[in-house]
Amino acid sequence: MKKVLFSLLTLIAMVAMTACGSNDTEKKLNGKWQTTLTESGQQLTMTWDLNADTHKALLSINVGMEGTDMMTMDFKGSWKASAEKITFSIDDNDCSVTFADSFKQLADASGIDLKEIEEQTLAEFKKELAGMAEEEIVEITDDTLTVKEDHSNITFNRVK
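Residues numbered from 1 in each chain as written. Predicted model: local features only at pLDDT ≥ 70, side-chain atom pairs only at ≥ 80, totals over all residues. Heavy atoms only, no water.

Thoughts on the environment of asparagine 93
The line we're drawing: Comment: elements are numbered from the N terminus, with helices defined as DSSP H or I runs of at least four residues and strands as E runs of at least two. Per-residue accessibility, obtained with a 1.4 Å probe over protein chains only, is compared with the maximum for each type, and a residue is labelled buried under 20%, exposed over 50%, and partly exposed between these values.
Within the fold, asparagine 93 resides in strand β5 (residues 85-99). The class of asparagine 93 is exposed, set by a relative accessible area of 74%. A sequence separation of 18 residues divides asparagine 93 from phenylalanine 75, and the C-alpha atoms of the two residues are 9.1 Å apart.

Topic: the environment of lysine 85
What counts is decided by this rule: In this analysis, two residues are considered to be in contact whenever any of their non-hydrogen atoms come within 4.5 Å of each other. Polar contacts, as used here, are pairs of N or O atoms within 3.5 Å; protein pairs need one atom able to donate a hydrogen and one able to accept it. Residues neighboring in sequence count only if both atoms are side-chain atoms.
Position of lysine 85 relative to the elements: it lies in strand β5. Discounting chain neighbours no more than four positions away, the residues touching lysine 85 are Lys80, Glu134, Glu135, Glu136 and Ile137. Looking at lysine 85, its side chain comes within polar contact range of the side chain of glutamate 134, at 3.3 Å.

Remarks on the nonpolar core
Stated precisely, the cut-off is as follows: Nonpolar cores are built from buried Ala, Val, Leu, Ile, Met, Phe, Trp, Tyr and Cys residues. Side-chain atoms within 4.5 Å join them into one set.
The biggest cluster of nonpolar side chains holds 32 residues, and the ones touching the most others in it are Leu29, Trp48, Trp79, Ile86, Phe88 and Leu145. For this core, the secondary-structure elements that each account for two or more residues are β2 (42-50), β3 (56-65), β4 (68-81), β5, α4 (114-129), β6 (132-140), β7 (144-149) and β8 (152-158). When residues in this core are grouped by element, the largest group, six residues, is from β5. Non-local contacts of isoleucine 86, meaning those with residues more than four positions away in its chain, are made with Leu29, Trp48, Trp79, Lys80, Ala81, Ala133, Glu134, Glu135, Ile137, Leu145 and Val147.

A look at the environment of threonine 25
By the element assignment, threonine 25 lies in helix α2 (residues 24-29). Assessed through its relative accessible area of 13%, threonine 25 is described here as buried. For the pair threonine 25 and glutamate 84, spaced 59 residues apart in sequence, the C-alpha to C-alpha distance is 8.9 Å. The residues touching threonine 25, leaving out its near neighbours within four places in the chain, are Ala81, Ser82, Ala83, Ile137 and Ile140.

As for a negative patch on the surface
The cut-off we apply is this: Patch criteria: residues need more than 30% relative accessible area and no salt bridge. Like-charged residues are merged within 9 Å; nonpolar side chains of Val, Leu, Ile, Met, Phe, Trp and Tyr are merged within 5 Å. Surface exposure here means Shrake-Rupley accessible area, sampled with a 1.4 Å probe, where a residue is shielded only by the protein chains that are shown. Salt bridge criterion: a side-chain nitrogen from Lys or Arg within 4 Å of a carboxyl oxygen from Asp or Glu. Neither His nor the chain termini are counted; the positive set is Lys and Arg, and the negative set is Asp and Glu. In plain terms, the charge of a residue is placed at NZ if it is Lys, CZ if Arg, CG if Asp and CD if Glu.
Where like charges cluster on the molecular surface, the negative patch consists of Glu39, Glu124, Glu128, Glu149 and Asp150. Position of glutamate 128 among the secondary structure elements: in helix α4. When its relative accessible area of 66% is taken as the criterion, glutamate 128 is described as exposed.

A few points about the pattern of salt bridges
Going through the model one piece at a time under the given rule, you end up with two salt bridges. Notably, a salt bridge pairs glutamate 118 with lysine 115, separated by 3.8 Å at the nearest N-O pair. Note that glutamate 118 and lysine 115 are positioned in helix α4 at a spacing of three residues, about one turn of the helix.

Observations concerning the side chain of threonine 47
Following the sequence through the fold, threonine 47 ends up in strand β2. By relative accessible area, threonine 47 is classed as buried at 11%. Separated by 2.8 Å, the side chains of threonine 47 and glutamine 34 make a polar contact. For threonine 47, the contacting residues outside a window of four places in its chain are Lys32, Trp33, Gln34, Leu58, Leu59 and Ser60.

What about the confidence of the model for the protein?
Condition: One confidence number per residue, pLDDT, is output by the predictor and ranges from 0 to 100.
Per-residue pLDDT for the protein averages 82, and the proportion of residues at 70 or more is 84%. Note on residues 1-21: pLDDT is under 50 here. Beyond four places in sequence and across chains, it has zero contacts.

Digging into helix α3 (residues 101-110)
Residues separated by three or four positions in an α-helix point in the same direction, a consequence of the helix having 3.6 residues per turn. Little of α3 sits inside the fold, with one of its ten residues counted as buried. Just past α3, the residue glycine 111 takes up positive phi, approximately 75°.

Here it is in structure tokens:
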């Protein structure tokens, strides 16, 4: 009876540990991923910092134009993944827009109030994300992650 009870408890413990832990895809995604795109004349550097143990995510988008940084948008939240997709849940209260010093100086010289632009930019991105985003996984290796967004593939490289 003790052997049966011990075996049953061991089995329950193993199932519980497996259920609470990260799956294989999440383990592969653990770390920092980055890609750079050019869209409408702007250079976008997107960084995803994903922690498979805590399921915390920091998503960052650096926007530049003609080799000059303009701003960085940071979004914090959580994430989970299956073999087919990554689902992000963004904390709307933990998002920020930070303008580059050179952009701030240009705005000051032009008499532009960046606070209003910051609020509008943040509101637009929050609206676009609507608290959650899903990315279809096309391929994942040790060093690259390709996701499908709309009708195009975006490839991220592991940076850490």
